[in-house]
Amino acid sequence: RDMSEEDRNAFLTEISTTRINETHQASIQGKDTYVDEPYRKLRLLRRRLPDPLWAQIRLEAKHILDTEPDAGPQLYEHILRQPSLVDALASVIAHEIGTELMPATALLAMILDQLQLSDDINLHLDLIASINRDPSKESTALNALLFHQGLHALVCYRVAHRLWQAER
């Protein structure tokens, strides 16, 4: 409270540098800085399998590009460039909550690393529930993925809970 803006920035820089150095030292020593997950390879493989909901979202994004070309950068960055629904949702959330201290790229890596195989399935169900419960008659899967704050909060909670369990 009593810190000047300059002292506050120096303090925040020191903390983030210390955390980055600790993570780097752990990786040099061969320690895994992430939560061990027994089915990690299976989860990553599952993201490359055909997914009808993800195909629908991509079709909606392509249709929006035809009618509203100004939406292109956001749709390309968060939807069309992503390999799966979970990656797209993580990208949207990371860019939504990213700051100078914790950039979106670091948040994206952390979110994807903390989500487990069961979360992939649950996130599909959560997205469908979000679409069905939206009172708007024009609700689409793309709109829910990009703009439903409750869905984003749910993913943030899951990631935060996993980090808390791992004492990070």
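Small disclaimer: the values here were computed from a predicted structure and weren't measured.

(A) View of the layout of surface pockets. Estimates place the volume of the second largest pocket at around 210 Å³. Every residue lining the second largest pocket is counted, 13 residues in all, and those nearest its centre are I64, L142, N143, L146 and F147. Listing elements by their share of the lining of the second largest pocket, those giving two or more residues are α3 (52-67), α4 (72-80) and α8 (141-147). If one sorts the elements of the lining of the second largest pocket by residue count, α8 sits on top with four residues. Broken down by class, the residue content of the lining of the second largest pocket amounts to six nonpolar, four polar and three charged.

(B) Broad picture of the pattern of salt bridges. What the rule picks out here adds up to two salt bridges. Note that D119 and R162 form a salt bridge whose closest N and O atoms lie 2.4 Å from each other. With a gap of 43 residues between them, D119 in helix α7 (residues 117-133) and R162 in helix α9 (residues 149-165) connect regions that are remote in the sequence. For R162, a relative accessible area of 16% gives the class buried. Two residues, R158 and D126, come together in a salt bridge whose shortest N-O distance is 2.8 Å. Residue R158 is located in helix α9, and its partner D126 is located in helix α7; the two are separated by 32 residues in the primary sequence.

Procedures and definitions
- Residues numbered from 1 in each chain as written.
- Predicted model: local features only at pLDDT ≥ 70, side-chain atom pairs only at ≥ 80, totals over all residues.
- Heavy atoms only, no water.
- 1 Å grid on protein atoms, 1.4 Å probe; cavity = no way out; pocket = protein on both sides within 12 Å on 5 of 7 lines; lining within 4 Å.
- Points joined across faces, edges and corners; volume = space filled by probe spheres on them.
- Helix = DSSP H or I, 4+ residues; strand = E, 2+ residues; numbered from the N terminus.
- Nonpolar A, V, L, I, M, F, W, Y, C, P; charged D, E, K, R; others polar.
- Salt bridge = Lys/Arg side-chain N within 4 Å of Asp/Glu carboxyl O.
- Buried < 20%, exposed > 50% of the residue type's maximum accessible area, 1.4 Å probe, protein only.

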